[in-house]
Amino acid sequence: DGGITQSPKYLFRKEGQNVTLSCEQNLNHDAMYWYRQDPGQGLRLIYYSQIVNDFQKGDIAEGYSVSREKKESFPLTVTSAQKNPTAFYLCASRWGTGSAGELFFGEGSRLTVL
Amino acid sequence: GESVGLHLPTLSVQEGDNSIINCAYSNSASDYFIWYKQESGKGPQFIIDIRSNMDKRQGQRVTVLLNKTVKHLSLQIAATQPGDSAVYFCAENPSSGYSTLTFGKGTMLLVSP
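Reading the values: the criteria
- Residues numbered from 1 in each chain as written.
- Chains lettered and ligands numbered in written order.
- Predicted model: local features only at pLDDT ≥ 70, side-chain atom pairs only at ≥ 80, totals over all residues.
- Heavy atoms only, no water.
- Helix = DSSP H or I, 4+ residues; strand = E, 2+ residues; numbered from the N terminus.
- Rg over C-alpha atoms; globule rule 2.2 N^0.38 Å.
- Buried < 20%, exposed > 50% of the residue type's maximum accessible area, 1.4 Å probe, protein only.
- Contact = heavy atoms within 4.5 Å.
- Areas by Shrake-Rupley, 256 points an atom, 1.4 Å probe, with all protein chains shown as cover.
- Lys, Arg positive; Asp, Glu negative; His and termini not counted.
- Charge placed at Lys NZ, Arg CZ, Asp CG, Glu CD.
- Phe/Tyr/Trp six-rings, centres within 6.5 Å; stacked < 30°, edge-to-face > 60°.
- Lys NZ or Arg CZ within 6 Å of the ring centre and 35° of its normal.

Q: I would appreciate a short explanation of the overall build of chain B in the present structure.
A: A count of helices and strands for chain B gives zero helices and ten strands. Counted from the first residue to the last, chain B has its helices and strands arranged as β-β-β-β-β-β-β-β-β-β. In terms of overall size, chain B behaves like a compact globule, its C-alpha atoms giving a radius of gyration of 14 Å where 113 residues would be expected to give roughly 13 Å. Looking at chain B as a whole, 43% of its 113 residues qualify as buried. In chain B, the proportion of contacts linking residues at least 24 apart, taken out of those at least 6 apart, comes to 54%. As presented, chain B carries roughly 5,500 Å² of accessible surface, and 49% of it is formed by carbon and sulfur atoms. Charge separation in chain B, taken as the distance between the mean sites of 9 positive and 9 negative side-chain charges, equals 4 Å.

Pasting the structure below:
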């Protein structure tokens, strides 16, 4: 089945630790995205990538890092510099790099800082 | 409607009623709009989309209306079912060539049997 796979689904982290969230897609999509969702809030863009080996900061990139070494993969690292990392993280992808088109989402990863 | 703080606007309906969820978007240059449904603990799912050169688009049990004059988008769900209970988000593509979507804060739809 084609889709987007995020792992782990739940993750606990101690303060001061970096953690990496995985996102893999087999849809052959060019563009991939990371969004953060807080309770009762909409989705806020962290980073996005339109092509391998290139990515751009979104609205809330501070304290996060990404890489795009393969078309299928777009991992997100939540660093110790992120002041409030507890949230629900969503990865998405879509065809092409043009203006319009549906985003396909993974099932999310919930990060809790202890 | 749009939310303030941690509390989402909530629409409560009875099973079988028609539901209308509203969204005000921010950018008059936006050329594409989407509605997503998100169930608790899951990723958003596509419902329906509309381009800015249209006023109305219909899907199965859903209709999206776009009023560019007042920058307003609505989602109509016919014969609402308990399985429709979820948070609904609208999203806009700010302008041609812009490669991301900007999301509203969502409306919770509660359907009682």
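The structure having been displayed, the exposition proceeds.
Q: Which parts of the structure should I look at to understand the packing of aromatic side chains?
A: Aromatic ring pairs are described here by two measures, namely the spacing of the ring centres and the angle between the planes. Within the structure shown, the criterion is met by ten aromatic pairs over all chains. Ring centres of A:Y35 and B:F103 lie 5.3 Å apart, and the angle between their planes is 80°; on these two criteria the pair is classed as edge-to-face. Placement of the pair is A:Y35 in strand β4 (residues 31-37) and B:F103 in strand β9 (residues 102-103), with the two residues belonging to separate chains. Across the pair, exposure class does not vary: A:Y35 and B:F103 are buried alike. With centroids separated by 5.9 Å and ring planes inclined at 80°, the aromatic side chains of A:Y47 and A:F55 adopt a geometry described as edge-to-face. One aromatic cluster in this structure is built from A:Y33, A:Y35, A:Y48, A:F105, B:Y36 and B:F103. A cation over a ring is seen here: A:R68 above A:F74, with NZ or CZ 6.0 Å from the ring centre.

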